[in-house]
Amino acid sequence: MRAVTIAPRAPGSLRLDDIPAPRRAADQLLVQAMAVGVCGTDRELIEGHYGEAPPGEKRLVLGHESLGRVLEAPPGGEFSAGDLMVGIVRHPDPVPCGNCAVGEWDMCRNGRYTERGIKQAHGFCSEVFCVENSMAVKVEKGLGLAAVLLEPASVLAKAWEHIERIGKRARWEPRRALVTGAGPVGLLAALMGAQRGLEVHVQDHNETGPKPSLVRELGAKYFSRRTQGGYDVVMECTGVPEIIKYVLGFQDPNLIVCLTGLSPAPSEVKLDVAPWNQAMVLGNQVVFGTVNANRRHYEQAAQALARADKGWLERLITRKIRLGDKWEQAYEKVRGDVKTVILLED
Ligand SMILES: [Zn+2]
């Protein structure tokens, strides 16, 4: 069967491979892949910045944003043939640490977790894949192809959950949120902010393309200029050092800044710690980072996608590429693109 693979840490090793079809273990689902979303992590894997093949193997199947149709399932379980599912990316470490032991593998303490399509476990960009019953999330058939957004949405569901937990350290009545960056992560962050009844502002350098209208359709404001703050929550979704420095300069009391984007290293941007410390201490501010998601967050994300306008979600998928000629284009960065999806079914 066809699969997109790399030799981890070897730039230029991306190829469309022919690999043996997997065999289902007793506790696993056998799944027909329908679609796989592409994100910056895939490009960084292809460029050789990180990534690890499964133990004893040289190549890694890519793909962590999945959507599949169940072909076979363990009898008596939650799934049956024909159900649509999304695979959970991170799996608990083998020790397991205290967090992995209770299903909070997104907060793993020893770093020995595995991740499908990233770290020591094959991803979902093969025509057929297997996944443990406990590591699959059922999705509504009505969502269609938009269900491929569940994995990135789970990361934002976790971010919002943690923002609210931090907010509840005191009286919590947030009104305004700023989202920096209108890529898929920023747009899903804005969707969930709007669903919470917040006045959402989205800042992005693009002034054309689909992003401004996608933001406005949420009832949110879109702009490219910088502001002076005035927020309860900032969701930083670019990872750009200059933008991080800008949002860390906000003086708003009780501000919660959530960092979701990874900065490309190294950077020349300098931060004067003294004024930042003064705003943090005197304003009870919190800055925190977040990555990944556990099952609870996938379920929260599934609810958020089900409540969203289906047409809006579908418009986030700006390119669909089949695993045929020119399939490599799926991994190219295209101006104005929001989410590229690889289609694995004919
Ligand atoms: Zn762990």
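Model, not experiment: these values are computed from the prediction. (Residues numbered from 1 in each chain as written. Predicted model: local features only at pLDDT ≥ 70, side-chain atom pairs only at ≥ 80, totals over all residues. Heavy atoms only, no water.)

(A) Just the overall build of the protein chain, in detail. Helix and strand counts for the protein chain stand at nine helices and 19 strands. Taken over C-alpha atoms, the radius of gyration comes to 20 Å for the protein chain, in line with the 20 Å a tight globule of 346 residues would show. When its C-alpha atoms are laid out on the principal axes, the protein chain stretches across 60 × 45 × 40 Å. Within the protein chain, the proportion of its 346 residues that are buried is 53%. Considering only intrachain contacts with a sequence separation of at least 6, the fraction spanning at least 24 residues in the protein chain is 69%. (Helix = DSSP H or I, 4+ residues; strand = E, 2+ residues; numbered from the N terminus. Rg over C-alpha atoms; globule rule 2.2 N^0.38 Å. Buried < 20%, exposed > 50% of the residue type's maximum accessible area, 1.4 Å probe, protein only. Contact = heavy atoms within 4.5 Å.)

(B) Region of interest: the coordination of the zinc ion. Within the protein, the zinc ion binds to Asp 93 (OD), Cys 97 (SG), Cys 100 (SG) and Cys 108 (SG); these donor distances fall in the range 1.9 to 2.4 Å. Around the zinc ion, the four donor atoms sit at angles spanning 98 to 121 degrees, and that spread fits a shape best called tetrahedral. Taking the relative accessible area as the measure of exposure, Asp 93 reaches 4% and is therefore buried. (Donors = N, O, S within 2.8 Å, 3.2 Å for Na, K, Ca; no water. Tetrahedral: all angles 85-135°; square planar, octahedral: opposite > 155°, others 65-115°.)

(C) Spatial organisation of the nonpolar core. Formed by 94 residues in total, the largest nonpolar core has its most connected members in Trp 160, Met 235, Leu 313 and Tyr 331. In terms of residue count, the dominant contributor to this core is helix H3 (residues 150-167) (nine residues). Sequence-distant contacts of Trp 160, defined by excluding residues within four places in its chain, comprise Ala 177, Ala 189, Met 192, Gly 193, Arg 196, Leu 198, Val 233 and Met 235. (Core = buried A, V, L, I, M, F, W, Y, C linked by side-chain atoms within 4.5 Å.)

(D) Broad picture of the sheet that holds strand S2 (residues 15-18). Spatially, the three strands line up as an open sheet ordered S2-S1-S4, and their pairing is antiparallel. Every interior strand has two partners, whereas the edge strands, S2 and strand S4 (60-61), have only one. Bridging between strand S1 (residues 2-6) and S4 involves two bridges; their strand directions are antiparallel. When the sheet's bridge partners are listed, Thr 5 is paired in S4 with Val 61. (Pairing = 2+ DSSP bridges.)

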